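# Per-entry structural report
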Amino acid sequence: MNLAFSQFALVLLAGPNERARNAFARRHFRASEILSPRHCQRRTDDLQAAVALLERIVSRRLQQRRLVVVNAPNLTQAERGVWLRLARRAYAEPVVIVAGANQRDGLPDERDLRKEGFHTAVRLSAQAARTSGLQRLPLPNDRRDLHGPFDIVGDVHGCFDELVELLAKLGYRVDETPTGFDVTPPPGRTLAFVGDLVDRGPRVPDVLRLAMSMSASGTALVVPGNHDDKLMRALMGRKVQVTHGLEVSLEQLAQEPPAFREAVRAYVQSLVSHYLLDDGRLVIAHAGIRESMIGRWPQAARDFTLYGETSSQMDEFGLPVRLNWMAKYHGQALIVYGHTPVAEPVQINHTLNLDTGSVFGGALTALRYPEMTLVSVPAHAVYSQTNRPFMRVEDF
C-alpha cells in the first residue's frame, strides 16, 4: 500500500501499538520531524505540562512551514482534536495514520476519522505498516516555479464576447473547434482567471469551454470563485439556493449534453483555492487571502478565497458586509483578486482588485504581469442588475 499526502502536514501517528508506530516513523520520517509526549517528559515529570509543551513545539514548527509528526496513542477524540486544531490554525493538511491497527485498538475507521476533520486517514495493520510506501506530494497551489509573464483576467460571469475581445487585445488568438476552443497565447505568456467564470452572463458554457480547454493545454491557470463553487455543488445535486445568477447558468447548461455538465462539475472540483507564483512575488485568489494562508494547504484556505472576509451583519442592500482584509495585508507578494465589483481597478497596499463588473455593464479587465499594465474592454450590454453599487477606492 502506498500512502500520499501533502509535504506540509501535521501527521498524527496514532494507535496503542508503540512498536508499530516507532517502526513506521523510523522508515518514513527524519528523526527531526518526529515528536512525542515522551520527548517532552524528559524536561518535566508532569504529563500535563509535557503535553502542553509538545503542543507549543508543534505549533512553532508548523508556523515555520515544517512537516511535523506527532507519535502518540491518541485514543480519544478530544486528544485527536487538539492536533486537528493546530493543523487548521497553521493551514497544514491534517493526517492521521493508525499503525498496527486492529479491531481492539479503540480507534475509529477511516471514514469516521475523516468525519472528525482529518483530510487523510489511514489504518494499517502491523504487516502493512512494515511494507507500505509513502509519498509527500507538492502543494498544488505552490507554483513559485512559474514566472509568467501572466495576463490575469477579472470576473468573467459568462461574458464570452467581451472575453474574446479582451484576449484579442492582449494578443491571443481564439479559434473555435468541434469540441470547444483552441486559444493560442502570445509567445511565453500564460492566462490566469481570478474566478467567477459563471452566472448572470449570456454565454456561460462557452466561457467554461474556453477555460477548460486552456487549462488542459497548460496555457491558463484558473482559481474558483464563489459562483463557480456554488454551480459545482448544484451539479452534484447538493441543496443550494438558485439565486444570484445561478438560475442563468443552470438554464444554459440544461441545453448541453450531460457529459459536458459532468465535465464542468469535475473541472471546478479540481481547481485549487489560490496560486503562489513567480518565486513568491504573485498570488492569485478570487476574493483575496490572508498572508498566513498563502502557499499553504489549499483546502484550509478555500472558504476565505471564495468569499473573502465578511461580518455577520447585512448592509443596506441586504448583503453580507464585506470586511477590508486588504487593509491589514502587509506581505511582499502582490495579491490579485476580484469578487467585489469596483468602478475601476482598486489597489490597496500590495493588493489589486480586477473585478470591474463586466456583467453589470462595466468592463472586463486584465492585468499584464510583471509589466503592471491594465487592459480593459467595455461591456457590450448590461446583462444583470447589481444590488450593490460599484465600489470605489474611497469606499474601502
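See above for the structure.
Attention here is on the structure that accompanies the text. The residue numbers shown here count from 1 along each chain, following its written sequence. Reporting of local features is limited, given that this is a predicted model, to residues whose pLDDT is at least 70; pairs of side-chain atoms are given and counted only at 80 or more, and all residues count toward the totals for whole chains, interfaces and linings. Side-chain metrics rest on all non-hydrogen atoms present in the structure, leaving aside hydrogens and water.

### Focus: the overall build of the protein chain
Going along the chain from the N terminus, every DSSP run of H or I of four or more residues is numbered as a helix, and every run of E of two or more is numbered as a strand. Across its full length, the protein chain holds 12 helices and 22 strands. Note on method: radius of gyration uses C-alpha positions; expected globular size equals 2.2 Å times residues raised to 0.38. For the protein chain, whose C-alpha radius of gyration is 24 Å, the value lies close to the compact-globule estimate of 21 Å for 396 residues. Across its three principal directions, the C-alpha atoms of the protein chain cover 70 × 45 × 45 Å. Classification of the 396 residues of the protein chain by burial places 54% in the buried group. For the protein chain, the share of sequence-separated contacts (at least 6 apart) that also reach a separation of at least 24 residues comes to 69%. Throughout, the Shrake-Rupley method with a 1.4 Å probe supplies accessible areas, and for residues the shown protein chains are the sole cover considered. For the protein chain, the accessible surface area stands at approximately 18100 Å², while carbon and sulfur atoms represent 48% of it. This count recognises Lys and Arg as positive and Asp and Glu as negative, with His and chain-terminal groups excluded. To locate a charge, the coordinates of NZ of Lys, CZ of Arg, CG of Asp or CD of Glu are taken. Separation between the mean location of the 47 positive side-chain charges and that of the 43 negative ones in the protein chain comes to 11 Å. Residue exposure (1.4 Å probe, protein chains only): buried if accessible area is under 20% of the type maximum, exposed if over 50%, otherwise partly exposed. In this description, contact between two residues means that some pair of their heavy atoms is separated by no more than 4.5 Å.

### Focus: the sheet that holds strand β22 (residues 373-378)
Either a parallel or an antiparallel arrangement is found when strands of a sheet pair, and the pairing is made through backbone hydrogen bonds. Only when DSSP finds a minimum of two bridges between them are two strands counted as paired. Read from one edge to the other, the open sheet built from five strands follows the order β13-β12-β9-β21-β22, with strand pairing classed as mixed. Either end of the sheet is taken by a strand with one partner, and the two such strands are β13 (220-222) and β22. Taking the axes of each pair of neighbouring strands and ignoring which way they run, one obtains an average angle of 20° across the sheet. Here strand β9 (residues 150-153) pairs with strand β21 (residues 363-369) via four bridges, running antiparallel. If you follow phenylalanine 150 over to β21, its bridge partner there is tyrosine 369. Along the sheet, helix α7 (residues 160-170) contacts β9, β12 (190-193), β21 and β22; its crossing angle with β22, the most-contacted strand, is approximately 140°. Axis definition: a line fit to C-alpha positions, over the contact stretch in the case of helices; interaxial angles, taken between N-to-C directions, run 0 to 180 degrees.

### Details of the nonpolar core
Throughout, nonpolar core names a set of buried Ala, Val, Leu, Ile, Met, Phe, Trp, Tyr and Cys residues whose side chains join them through atoms within 4.5 Å. Counting residues in each nonpolar core, the largest one holds 41 residues, and the members touching the most others are Val153, Val156, Phe193, Leu197, Leu208 and Leu210. Setting aside residues up to four positions removed in sequence, leucine 210 forms contacts with Phe160, Leu163, Leu167, Val174, Phe181, Val183 and Phe193. Residues Leu53, Val68, Leu84 and Trp297 belong to the second largest nonpolar core, which totals 30 residues.

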